[in-house]
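Coordinate analysis (summary)
For reference, the chains in residue letters:
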Amino acid sequence: MPAPPESEAELFERARGLAGRSLGEVSAELGIACPDTLKRAKGFVGMLLERALGATAGSKDVPDFPDLGVELKSLPVDREGKPRESTFVCTMPLSDVAEMQWLGSRVQRKLARVLFVPVEATPEVAIAARRIGGPILWTASAEEEAALRRDWDELAGLVGAGHVESVTAHLGEYLQVRPKAAHSRVRTLAPGGDDGLVSVNPKGFYLRTKFTAAIVARALR
DNA sequence: GATTGATCATAC
DNA sequence: GTATGATCAATC
């Protein structure tokens, strides 16, 4: 496996080197089996890119490239380069989001600097034949950050005020909250209810497709 | 066809 | 069970 990149420029060059190559080629080089379907390997593409680029963070709550402060996100796109799915950002700390601010929040920290790597995700194309696209090193513009902050304030505000059960994926213009758990029977505690705590399915923050689509469009201009 | 809620694999 | 990586699939 490659060593971690020593600079952002080196990381970007490595990512550019993957552009145009297929998931099958890259996985073969790394000695990793490429699945025939993502049905039972949903994290395969993300894990493959992590290894190919030398990410080290593993399952810790820090960016994929801690020394660079860069988070890696694979972006499943159609043949036109448009994202096909929302992008998971992080879990929502339900029990203490009430005391948090946007600045310093997990969302703000995770999205401070992101390397998006588009990957072909057309159903008709076999996994191994899917090609990796050109990387996008992104930082939110003032407008993008303000928009994310508005959503975060609304969503975190509702949970902090004890209204977690009214928070659905319908809320949020660009940032939304959805279940994030092994299955719907998983429970965790959040502010609310008669005792001050309610048992709910764990939740996570996701970027809506239209938000990442705008990032891709901006990068192609 | 797009979106929301549900789910899958793996490491510790 | 908690974290990481996400896509699936029922529903709108």
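What comes next concerns the included structure. (Residues numbered from 1 in each chain as written. Chains lettered and ligands numbered in written order. Predicted model: local features only at pLDDT ≥ 70, side-chain atom pairs only at ≥ 80, totals over all residues. Heavy atoms only, no water.)

Thoughts on the overall build of chain A
- Within chain A, the secondary structure is distributed over six helices and eight strands.
- A compact globule built from 221 residues should have a C-alpha radius of gyration of about 17 Å, and chain A, at 18 Å, falls within 12% of that.
- Projected onto its principal axes, the C-alpha positions of chain A cover 55 × 35 × 35 Å.
- Expressed as a percentage of the 221 residues in chain A, the buried residues total 40%.
- Counting contacts in chain A only where the partners sit at least 6 residues apart, residues at least 24 apart contribute 63% of the total.
- For chain A, the accessible surface area stands at approximately 11600 Å², while carbon and sulfur atoms represent 51% of it.
- Both charge centroids of chain A, one from 29 positive and one from 29 negative side chains, sit 5 Å from each other. (Helix = DSSP H or I, 4+ residues; strand = E, 2+ residues; numbered from the N terminus. Rg over C-alpha atoms; globule rule 2.2 N^0.38 Å. Buried < 20%, exposed > 50% of the residue type's maximum accessible area, 1.4 Å probe, protein only. Contact = heavy atoms within 4.5 Å. Areas by Shrake-Rupley, 256 points an atom, 1.4 Å probe, with all protein chains shown as cover. Lys, Arg positive; Asp, Glu negative; His and termini not counted. Charge placed at Lys NZ, Arg CZ, Asp CG, Glu CD.)

A few points about the packing of helix H2 (residues 23-30) against helix H3 (residues 44-53)
- Packing of H2 against H3 leaves a shortest axis separation of 11 Å and a crossing angle of 55°. It follows that H2 is oblique to H3 by the angle criterion. Seen along the crossing, H2 lies across H3 with a hand that is left-handed. Across the interface between the two elements, Leu23, Val26, Ser27 and Leu30 from H2 touch Phe44, Val45, Leu48, Arg51 and Ala52 from H3.
- The residue inventory of the contact of H2 with H3, partitioned by class, reads seven nonpolar, one polar and one charged. (Axes fitted to C-alpha atoms, helices over the stretch in contact; angles between N-to-C directions. Parallel < 35°, antiparallel > 145°, perpendicular 65-115°, else oblique. Left-handed = near helix turned anticlockwise from the far one by under 90°. Nonpolar A, V, L, I, M, F, W, Y, C, P; charged D, E, K, R; others polar.)

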